Amino acid sequence: MKHAYLIIAHNEYPVLETLVSMIDDERNDIYLHIDLRSTELYKRARLLCTQKARLFLLPIRNKVYWGDISQVETEYLLLETAFKQNTYAYYHLLSGVDLPIQTQDYIHSFFQTNSGKEFVSYWLGDKHQKDLNRKISRYYFFTKSLKRSNSRWHIITAPCHNLALIIQKLIRFHRKQEVEFKKGPNWFSITQDFCQYLIEKKSFVLQRFKYTLCPDEIFLQTILWNSPFKENIYKANEDNAGNMRLVDWNRGNPYTWQSQDYNELIASDRLFARKFSSKEKELIEQIKTIYAD
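Residues numbered from 1 in each chain as written. Predicted model: local features only at pLDDT ≥ 70, side-chain atom pairs only at ≥ 80, totals over all residues. Heavy atoms only, no water.

1. Considerations on the pairing of strand β4 (residues 88–95)
Argument step 1. Most of β4 is tucked away: 7 of the 8 residues are buried.
Argument step 2. Here strand β1 (residues 2–9) runs beside β4; their pairing, made up of 7 bridges, is parallel. Bridge pairing in β4 places A4 opposite Y91.
Argument step 3. Two elements, β4 and strand β6 (residues 189–191), share 3 bridges in a ladder whose sense is antiparallel. In the sheet register, Y90 faces β6, and the bridge partner there is T191. (Buried < 20%, exposed > 50% of the residue type's maximum accessible area, 1.4 Å probe, protein only. Helix = DSSP H or I, 4+ residues; strand = E, 2+ residues; numbered from the N terminus. Pairing = 2+ DSSP bridges.)

2. Notes on the sheet that holds β4
Argument step 1. In spatial order, the strands read β3-β2-β1-β4-β6; together these 5 strands make up an open sheet with mixed pairing. The open sheet has two edge strands with one neighbour each: β3 (54–57) and β6. The average angle at which neighbouring strand axes cross in this sheet is 20°, direction not considered.
Argument step 2. Contacts from helix α1 (residues 13–22) reach β1, β2 (28–34) and β4, with the element oriented near 180° to β1. (Axes fitted to C-alpha atoms, helices over the stretch in contact; angles between N-to-C directions. Contact = heavy atoms within 4.5 Å.)

3. Thoughts on the packing of aromatic side chains
Argument step 1. Counted under the stated rule, the structure contains 23 aromatic pairs.
Argument step 2. Ring centres of Y255 and W257 lie 5.5 Å apart, and the angle between their planes is 85°; on these two criteria the pair is classed as edge-to-face.
Argument step 3. Residue Y255 is classed as buried on the basis of its relative accessible area of 11%.
Argument step 4. Overall, W257 belongs to the buried group, its relative accessible area being 0%.
Argument step 5. Here the aromatic cluster, defined as three or more aromatic residues joined through ring pairs, consists of Y90, F110, F111, F119 and Y234.
Argument step 6. The ring of Y42 has R61 sitting right over it, with the charged end atom 3.9 Å from the ring centre.
Argument step 7. When the ring centre of Y139 is taken as reference, the NZ or CZ atom of R175 above it lies at 4.1 Å. (Phe/Tyr/Trp six-rings, centres within 6.5 Å; stacked < 30°, edge-to-face > 60°. Lys NZ or Arg CZ within 6 Å of the ring centre and 35° of its normal.)

Structure follows, in structure tokens:
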């Protein structure tokens, strides 16, 4: 069966163009969501052409905000669009600044060898557990403006946001924990069966995670952990390893790969890496050259 690549993009057209060209394979379908605010990127993306893969530029577009339920809604939009279109061996969620660091032959062979596994990473350890408890136990209002410190709306909502958290803390309020919550990076590769299961849980997800901080890093990990598919999680007990993405959180938030990192990238056994910048043209061209089929 084919693979579905689901891409969320809002900037960096040169990186996005390279990504699309590198997964342009007859074994793939590509579904692309451009942030509603990214007008110029959308205009350029409409001109993207593929030779082998089918490319679907989603006509329905969301404004995607950091830490907000809009992230989850956009993931569901991509998953449901692809699910209705065809049956796929795997659904891969990528950002527009990701690139493959293996060939398509290698990637398809890897997933065939590990067929049935769910490639979802979990962040383990006391630090992450504390952060998870903080995010799921309170109501977080006005999440759309948390990262917009220069906006007039942020000036109005920030005090209200902080006051709501203070009140909840003072009265020792904790939201109901219906399931065992888990946390990890939001980029994944999941099977057709689990995709269907996840779509069936959409109502619960959107209701429970609407006022949760960074729900895109919690909802899928939580649903998978509490599902019949738990036993299929790839490297479930290894911190941040299961999704086969190479992401460096030590040097950045996350780190943007530089030309001097080329040897590290090509030595990795991971399948995809993020994130890349169009400023590093030489590195992007090197990655494209070595891993393009």
